[in-house]
Amino acid sequence: MLNTLRQRLAGPDVARQLQALAAGAPASAPLSLTLELSHHSAPDWLAALPTSAPFWYQAHPAQGSFRLGIGHALQVTSAGPNRFAALDNAFAGLASHWRHNGAPRAFCGFAFDDSSQAPLPNALLALPAILLETCDGRCLATLSTPADKVAQAPALWQRLLAPTRHLACYRLLPPADRSLADRAWIARVHAALRAIAEQRLDKIVLTRKLMLQAAGPIAAAQLLRNLLDQQPDSLIYAHGNGSSIFLGATPERLVRLRAGCIEADALAGTAWPGSPTLDAPKNRHEQSLVVAAIVGALEKCCDSPLQTGPATICQAGDVRHLRTLVSGRAAEGVTLFDLVRALHPTPAVGGFPTAPALEWLAAHGEQRSGWYCGGFGSLTPDGDGEFSVALRSALIDGCRIELQAGAGIVAGSDPAQELAETEAKFGTLLAALTASPNAVRARLG
């Protein structure tokens, strides 16, 4: 299929259609040409994952939906307390001149806090030069370029689609002893419980890191393919910038906007084999805090009362959560970035109430790498789109990989049980990192 696309790029039809889109357009206007691709299967596009160019990956395996964006036709970065407003304005400007013949998408990712920068930009909005999609039984390629670069675009697309030699399988090395770090984390849980007992706040989310080393560079395509197989009901996501790769499998949608309809997940409470059930008071209490906070955040964005569904069980591999769907109708003029700004960070990743929880985390040195506990999403030219919370993540730099996981601390939390919860969440990436996840867990134990 990719060979056929390369041949079409070399022919006259693509150039002719591109010139038609560009006629009379401002020099900076984005142009997006969508081509239908013939297919005999539903490709996941991982064979086209580039090794040096920027890329975005977004897949819902159970839905048969796979997207790979390669290269950047346009990009905008932002940071600071007004980062979402800046991205909103940038996207509005982009969309106002966007010429297309299909349904192109821009991608966006952002960090948990508004100041972190390396190794990824704090907040990044990008229109991929090439978007390969499998969705609703169709395979599409969308080619994008600024109008003033139409002449050079086909050659750039050819280079981005050049066959790549993917890394061989990797082997994880035994990790360093973590007992001291584990004790320090449990001490932080005790400190959080003291703050909760003093009624300064109701919930604090604490995170842990697990640093691993491989005998050779980590093969991101193989890791993503394992996640597709093992986490079919999660969003499998990834962004690479040519040096670092941030990827994961998240069960939690932050918010979706479609034709004025809002949907958000209130997801909290965790159970895994051998843990207390999801009906345990701690899990129910944690879930109620998240539901109340999401309803409160979205009320000012809606023109009618919000609806909350019943709590259901969300399965993510060996880990289960409570999930409540919150839905409503967006008020006139409310954008997807307005909704993100209203919701982030939810109590599922920060704490409750939000302001004192964030102050406590900053005072106690909480650090989250890449876009972990931030967001990952995509948008269409009409402003519809969806963001997910970037959970169960890995940050890859050559032979090194950093896993991150967190747990919500509320009154009644057991520090040892919270440590076990983060171990269970690490299991998502550990299982994907090796064909023998039990052996890896045994080495880490």
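The numbers attached to residues start from 1 for each chain and follow its sequence in the written order. Owing to the predicted nature of the model, reporting of local features is limited to residues with pLDDT of at least 70; listing and counting of side-chain atom pairs is limited to 80 or more, with chain, interface and lining totals taken over all residues. Derived side-chain values reflect all non-hydrogen atoms in the structure, with water molecules and hydrogen atoms excluded from consideration.

**Points about the pairing of strand E14 (residues 312-316)**
- Two strands are counted as paired when DSSP detects at least two bridges linking them. Elements are defined by DSSP. Helices are runs of H or I of four residues or more, strands are runs of E of two residues or more, and each kind is numbered from the N terminus. As judged from the 5 bridges shared by E14 and strand E15 (residues 319-329), these two strands associate in the antiparallel manner. When the sheet's bridge partners are listed, Gln 315 is paired in E15 with Arg 320.
- What sits between the antiparallel neighbours E14 and E15 is a turn of 2 residues, in which Gly 317 has the positive phi angle 70°.

**Focus on helix H7 (residues 281-299)**
- Here the expected length of a helix is defined as 1.5 Å per residue gap, with one fewer gap than residues. Taking 1.5 Å of rise per residue, 19 residues should cover 27 Å, and H7 covers 27 Å from first to last C-alpha, within 8% of that figure.
- Accessibility here uses a 1.4 Å probe with only protein chains present; expressed as a share of the type maximum, an area under 20% marks a residue as buried, one over 50% as exposed, and anything in between as partly exposed. Considered for burial, the residues of H7 that qualify are Lys 282, Asn 283, Glu 286, Gln 287, Leu 289, Val 290, Val 291, Ala 293, Ile 294, Val 295, Ala 297 and Leu 298.

**Description of the environment of Pro 26**
- Counting through the fold element by element, Pro 26 comes out in the loop between helix H2 (12-22) and strand E1 (30-37).
- In what follows, residue pairs with any heavy atoms lying within 4.5 Å of each other are defined as contacts. In this structure Pro 26 touches His 97 and Ala 147, once residues within four positions along its chain are discounted.

**A few points about the layout of surface pockets**
- The definitions used throughout rest on a 1 Å grid laid over the protein atoms alone, on which a cavity is an enclosed set of points accommodating a 1.4 Å probe that cannot get out and a pocket is an open set flanked by protein within 12 Å on both sides along at least five of seven lines; lining residues are those having an atom within 4 Å of a point. Grid points are joined across faces, edges and corners, and a volume is the space filled by probe spheres set on the points. Here the largest pocket defines a volume of roughly 660 Å³.
- Lining the largest pocket are 31 residues, and of these His 60, Gln 63, Arg 256, Arg 258 and Glu 386 sit closest to its centre.
- Breaking the lining of the largest pocket down by element, the ones donating at least two residues are strand E2 (55-60), strand E3 (65-78), strand E11 (253-258), strand E17 (375-379) and strand E18 (385-389).
- When residues in the lining of the largest pocket are grouped by element, the largest group, 4 residues, is from E11.

**Quick look at the nonpolar core**
- Counting residues in each nonpolar core, the largest one holds 76 residues, and the members touching the most others are Leu 206, Leu 298, Trp 360 and Phe 387.
- Broken down by element, this core gets its largest block of residues, 7 residues, from helix H5 (residues 179-197).
- Those residues within four positions of Trp 360 in sequence are excluded, and the remaining contacts are Arg 188, Ala 191, Ala 192, Ala 195, Arg 200, Leu 201, Ile 204 and Leu 206.
- Take the buried Ala, Val, Leu, Ile, Met, Phe, Trp, Tyr and Cys residues and link them wherever side-chain atoms come within 4.5 Å; each set so joined is a nonpolar core. Val 14, Leu 21, Ala 25 and Ala 129 belong to the second-largest nonpolar core, a separate cluster that totals 64 residues.

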